[in-house]
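# Overview (structure and organization)
Chain residues, written in single-letter form:
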Amino acid sequence: MKNKILVTGGAGYIGTHTCIALHEAGYEIVVYDNLSNSSREAINRISALIGQPIEFIEGDIRDAEMLRQVFLSHHFFGVIHFAGLKAVGESVAKPLLYYNNNVSGTITLLEVMAEYDVKNFVFSSSATVYGDPEILPIDESSSRSCTNPYGQSKLAVEHILEDLAVSDTRWNLIPLRYFNPVGAHPSGQIGEDPNDIPNNLMPYISQVAVGKLPKLSIFGNDYPTIDGTGVRDFIHVTDLAQGHVAALNYLERQVAPVGFLPINLGTGKGTSVLELVSAFSDVSGQTIPYQFTDRRAGDIASCYSSADKAKVLLGWQAKLSITDMCQDTWHWQSMNPNGYNVT
Ligand code: NAD
Ligand code: UD1
């Protein structure tokens, strides 16, 4: 058996896929999640897929006492920290909730890690920290700025990690900056299960395809891009999950601490909104009605990664195509039209 990993937010969209990848790579996992944006059914499905129950603790990252109990009863190699709130619009309406959950919660977690001398930390950051990029593809040295509280909370945590690495050189702190995670596990058993109407493009398209929503609004067709619609670096969630395994493998290989080490997880390729709609329609055989509407406030024209650092340092690169991403999303959506809500 390999090292034991605490996975905060492990019941969520990216966390569930990463738990499976970690298990397959031989890691022992403990999931810690308050289920504020997920369900026990997700945990049941991970257990069914890996063929054994996983250790799950229902708890909040802001609860230092509960975290202490967890660190007391396990010897962790490190923590993968997914737990956080992620809806941009909600963060504008409820900034205190977002800073409390995402920033204060992370500080509490880091404090307890320090108490128990666990110094390996992989953090879910986001390409949103790059704001409106000056140069494409975006590499890790690009300047950072954010305009909404969600993005600010990610950037604030990155700054905290940078300061922590300076204050104590024994820390290994890797913010993984995700581009646009989409897709689902190929089994169709786990996937993205947004509450209410989705904010993000892929779940919206798939809900239109399955007939839950009547039509997609495409936010702007006058961007300086290949067809006027926004361009993003969509990455399959199972590739993203493998990126976390690669980050842990990397930390296990190190003889000296790495300090603060941000790494992009993207494919390096941009795909437009219309290209994604067309690919999804081909894969699903469904017509996806759409209309062009005004640009969404805060959106940028194009965003795609330089994936070189992950390839060189971690030996990781994304393997799956846009077709794979659409196929697996469609499989999950058509098998689970109501997500994890099986009643
Ligand atoms: P998700 O909402 O599906 O998963 C997050 C999980 O964290 C949920 O299970 C939720 O219940 C849990 N959680 C939230 N607050 C908590 C708290 N205080 N204590 C314990 N558990 C808590 O989101 P996701 O898409 O899987 O994203 C995971 C992480 O990656 C988040 O930090 C998110 O900001 C970041 N991220 C996501 C995307 C994306 O497009 N999905 C892109 C970039 C970064
Ligand atoms: C959004 C967030 C970003 C977050 C990321 C992942 C905003 C401004 N940005 O990024 O902070 O890290 O999600 O959670 O919310 N689109 C449509 N119609 C839709 C939905 C989206 O045309 O119904 C377009 C958008 O204009 C954009 C593209 O599709 O061009 C991708 O949108 P989305 O999936 O929301 O991701 P981002 O905007 O990249």
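Now for a quick tour of the structure. Because the structure is predicted, anything quoted here is derived from the model rather than measured.

The rules behind the values
Residues numbered from 1 in each chain as written. Chains lettered and ligands numbered in written order. Predicted model: local features only at pLDDT ≥ 70, side-chain atom pairs only at ≥ 80, totals over all residues. Heavy atoms only, no water. 1 Å grid on protein atoms, 1.4 Å probe; cavity = no way out; pocket = protein on both sides within 12 Å on 5 of 7 lines; lining within 4 Å. Points joined across faces, edges and corners; volume = space filled by probe spheres on them. Helix = DSSP H or I, 4+ residues; strand = E, 2+ residues; numbered from the N terminus. Nonpolar A, V, L, I, M, F, W, Y, C, P; charged D, E, K, R; others polar. Salt bridge = Lys/Arg side-chain N within 4 Å of Asp/Glu carboxyl O. Polar contact = N/O pair within 3.5 Å; in protein donor to acceptor, adjacent residues only side chain to side chain. Contact = heavy atoms within 4.5 Å. Near = heavy atom within 4 Å.

### Regarding the layout of surface pockets
- Volume-wise, the second largest pocket comes out at about 160 Å³.
- Broken down by secondary-structure element, the contributors of at least two residues to the lining of the second largest pocket are helix 7 (201-209) and helix 11 (322-335).
- When residues of the lining of the second largest pocket are assigned to their parent elements, the largest contribution, four residues, is made by helix 7.
- When the residues that make up the lining of the second largest pocket are grouped by side-chain class, the tally is five nonpolar, eight polar and four charged.

### Topic: the pattern of salt bridges
- In total, this model carries 16 salt bridges according to the counting rule given.
- A salt bridge links Asp-60 to Arg-62, with the shortest nitrogen-to-oxygen separation between them at 2.8 Å.
- With its nearest N and O atoms 2.8 Å apart, the salt bridge here joins Glu-115 to Arg-68. With Glu-115 in helix 5 (residues 95-115) and Arg-68 in helix 3 (residues 64-73), the pair connects residues that are 47 residues apart, well separated along the chain.
- Several salt bridges share partner residues, and in doing so they unite Asp-117, Lys-119, Asp-168 and Arg-170 into one network.

### Regarding the side chain of Thr-225
- Residue position: Thr-225 is located in the loop between strand 8 (216-219) and strand 9 (231-232).
- Engagement of the side chain of Thr-225 in a polar contact is seen with the backbone oxygen of Thr-229, the distance being 2.6 Å.
- For Thr-225, the contacting residues outside a window of four places in its chain are Val-231, Ala-301 and Ser-302.

### A word on the site of ligand 2
- Near ligand 2 you find 18 residues, and of these Leu-201, Ser-217, Arg-232, Arg-296 and Asp-299 are the closest.
- Thr-128 has a polar side-chain atom sitting 3.2 Å from an oxygen atom of ligand 2.
- Phe-219 places a polar main-chain atom, nitrogen or oxygen, 2.9 Å from an oxygen atom of ligand 2.
- Counting only elements with at least two residues in the shell around ligand 2, the list comes to helix 7 and strand 8.
- For the shell around ligand 2, the element with the highest residue contribution is strand 8, accounting for four residues.
- When grouped by side-chain class, the residues that make up the shell around ligand 2 number eight nonpolar, seven polar and three charged.

### Considerations on the site of ligand 1
- For ligand 1, the set of nearby residues contains 27 residues, the closest of which are Asp-33, Asn-37, Ser-38, Lys-86 and Tyr-150.
- One of the backbone N or O atoms of Gly-12 is found 3.3 Å from an oxygen atom in ligand 1.
- A distance of 3.0 Å separates a nitrogen atom of ligand 1 from a polar atom in the side chain of Asn-101.
- At the level of elements, helix 1 (13-24), strand 5 (120-126) and helix 6 (149-167) are the ones that each hand at least two residues to the shell around ligand 1.
- It is strand 5 that provides the largest number of residues to the shell around ligand 1, a total of three residues.
- Its residues assigned to classes, the shell around ligand 1 comprises ten nonpolar, twelve polar and five charged.

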